Amino acid sequence: MDYKGIKCPICQKRFNSLDDIVVCPQCGAPYHRDCYEEKGTCIFPDLHESGKSWNAPADDIPHQAQQSGIPAQKICPNCSTNNAENALFCSRCGYRFIDGTMPQQNRDARPVSGFGTGGFPGMMQVDEMGGYQKEEPVSDGITAGDLSELIGPNRVYYMNVFHTRQYYNRRRFHFCAFLFSGGWLLYRKINKLGAILTAILLLLTIANTYLTYFLINPMIIDHLGKMGIDASAGVTYEHLFMLTQNLMAESPALLLLFAVPSLLGIGRIVLMVICGLKANDWYFKSCCEKIRKIRSAHQPGTEEYTEELQHQGGVNLPIAISLLVCALIINYAPQFFL
């Protein structure tokens with residue numbers, strides 16, 4: 001546990017990262033080593049007798065968060081979720097800090113917040129900033145409001161991902177980026193990296209298709225024919241096993257050639273997994289680079305600045321549809337024409 005920012009129960013001085021801290025083995029209360037040795041014992045015998053654990057005082061928690069570099073947070077009394085210190089309602093259950101009521105008690109009231117909210121009537125309001133405040137910095141010279149405006153569609157998801165990444169150093173696997181890889185990058189206007197990855201995956205797919213339909217399959221049919229097996233009647237796993245044994249004895253190099261399509265397929269999957277793992281990091285970096293360029297050309301807060309954020313950000317739907325059609329053609333066309 002990180003005790004930085006919490007007061008020592010004996011001297012009432014707050015712990016810092018250089019302090020020598022000891023913890024009571026029974027209740028978990030922290031002390032400066034000198035304070036504990038001077039006292040000679042834990043000062044919470046009542047906790048020992050009841051078998052309870054020590055908890056940091058409520059007024060120490062915000063200070064501890066501030067000392068650790070994490071914005072002070074407000075704990076919801078209804079669901080115990082951490083919220084921004086100046087939040088007006090809980091981001092999870094919708095509890096209203098301003099009047100101590102739940103959303104269902106205020107169905108006719110307009111939602112109060114310093115930023116946009118999403119959701120449906122009668123349902124919990126969604127924090128479109130993902131835990132950020134509009135003017136909160138997310139990188140050098142870049143605010144959360146700028147980032148949200150640039151992201152456009154699905155900002156609720158990405159702002160939450162970026163907030164978790166920045167303050168808790170937790171990454172999230174992006175399944176959409178895994179499935180569509182280069183196409184997803186181009187859809188999110190990460191054009192350079194998206195074009196490179198799309199080209200590599202396209203080459204792997206074309207090479208796999210060409211080798212399978214124009215080289216490997218004809219060679220398999222030919223070798224099976226030499227072994228007295230009619231491939232037109234169907235090829236079983238037993239036939240392929242016999243073919244493998246025959247090739248190992250006659251031509252191991254040819255057997256290796258038969259494995260090339262599988263190796264290409266494995267390489268394609270590896271690239272897709274990497275894309276799924278790194279997609280959110282790539283997207284955050286791309287957004288920050290675009291915002292810096294826009295800030296150098298336009299004055300933040302002006303109408304031109306906001307329009308340029310919306311123009312440079314958002315998504316590219318036409319290119320995503322085009323790539324999807326191309327992928328379907330490449331994958332399924334050989335089945336109809338060969």
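Caption draft 1: Spatial organisation of the packing of helix α4 (residues 144-151) against helix α10 (residues 252-297). Two elements in contact, α4 and α10, have axes separated by 10 Å at closest approach and are oriented at 105°. Accordingly, the angle class assigned to the pair α4 and α10 is roughly perpendicular. On α10, the residues that touch Asp146, Leu147, Leu150 and Ile151 of α4 are Tyr283, Phe284, Cys287, Lys290, Ile291, Ile294 and Arg295. Among the residues making up the contact of α4 with α10, the classes are represented as eight nonpolar, no polar and three charged.

Caption draft 2: Empty space enclosed by the protein, seen in detail. Counted according to the given criterion, the structure contains one cavity of 30 Å³ or more. Around the largest cavity, the lining residues are Leu150, Arg188, Lys189, Tyr283, Cys287, Lys290, Gln312, Gly313 and Gly314. Of all the elements, α10 adds the most residues to the lining of the largest cavity, at three residues. In terms of residue class, the lining of the largest cavity is built from three nonpolar, three polar and three charged.

Caption draft 3: Up close: the nonpolar core. Formed by 29 residues in total, the largest nonpolar core has its most connected members in Tyr132, Leu147, Ile151, Phe162, Trp184 and Tyr283. Among the elements of the structure, α4, α5 (155-168), α7 (182-187), α8 (191-226), α10 and α11 (303-312) are those that each provide at least two residues to this core. No other element matches the eight residues that α10 contributes to this core. When sequence neighbours within four positions are dropped, the list of residues in contact with Ile151 reads Tyr158, Met159, Phe162, Arg188, Tyr283, Cys287 and Gly314.

Caption draft 4: Broad picture of the packing of aromatic side chains. Counted under the stated rule, the structure contains eleven aromatic pairs. Aromatic side chains Tyr158 and Phe162 sit 6.3 Å apart centroid to centroid with 35° between the ring planes, which places their arrangement in the tilted category. Of this pair, Tyr158 and Phe162 both sit in helix α5, separated by four residues, roughly a single helical turn. Each of the two residues, Tyr158 as well as Phe162, counts as buried. Plain terms: the ring middles of Phe173 and Phe178 are 5.8 Å apart, the flat faces sit at 50° to each other, and that makes the pair tilted. Grouped by ring-pair contacts, the aromatic residues Tyr157, Tyr158, Phe162, Trp184, Tyr283 and Phe284 constitute a single cluster.

Caption draft 5: Structural context of the side chain of His32. Topologically, His32 is positioned in strand β2 (residues 30-32). Not counting residues within four places of it along the chain, the set of residues in contact with His32 comprises Cys8, Cys11, Lys13, Phe15, Asp19, Asp20 and Val22.

Caption draft 6: Focus on the side chain of Arg188. With respect to the helices, strands and loops of the structure, Arg188 is situated in the loop between α7 and α8. No salt bridge is formed by the buried Arg188; the nearest opposite charge belongs to Glu149, separated by 12 Å. In this structure the side chain of Arg188 is engaged in a polar contact, spanning 3.2 Å, whose partner is the backbone oxygen of Ile151.

Caption draft 7: Examining α8 more closely. Over its 36 residues, α8 runs 50 Å from end to end, which matches the ideal 52 Å to within 8%, given 1.5 Å per residue. For α8, the principal kink sits at Thr212 and spans about 40°. Just downstream of α8, Gly228 is the residue with a positive phi angle, here 85°.

So, how was this worked out
- Residues numbered from 1 in each chain as written.
- Predicted model: local features only at pLDDT ≥ 70, side-chain atom pairs only at ≥ 80, totals over all residues.
- Heavy atoms only, no water.
- Axes fitted to C-alpha atoms, helices over the stretch in contact; angles between N-to-C directions.
- Helix = DSSP H or I, 4+ residues; strand = E, 2+ residues; numbered from the N terminus.
- Parallel < 35°, antiparallel > 145°, perpendicular 65-115°, else oblique.
- Contact = heavy atoms within 4.5 Å.
- Nonpolar A, V, L, I, M, F, W, Y, C, P; charged D, E, K, R; others polar.
- 1 Å grid on protein atoms, 1.4 Å probe; cavity = no way out; pocket = protein on both sides within 12 Å on 5 of 7 lines; lining within 4 Å.
- Points joined across faces, edges and corners; volume = space filled by probe spheres on them.
- Core = buried A, V, L, I, M, F, W, Y, C linked by side-chain atoms within 4.5 Å.
- Buried < 20%, exposed > 50% of the residue type's maximum accessible area, 1.4 Å probe, protein only.
- Phe/Tyr/Trp six-rings, centres within 6.5 Å; stacked < 30°, edge-to-face > 60°.
- Lys, Arg positive; Asp, Glu negative; His and termini not counted.
- Salt bridge = Lys/Arg side-chain N within 4 Å of Asp/Glu carboxyl O.
- Polar contact = N/O pair within 3.5 Å; in protein donor to acceptor, adjacent residues only side chain to side chain.
- Expected span 1.5 Å × (residues − 1).
- Bend = angle between axes of the 7 residues up to and from the residue.

Limitation: the analysis is restricted to geometry and does not speak to function.
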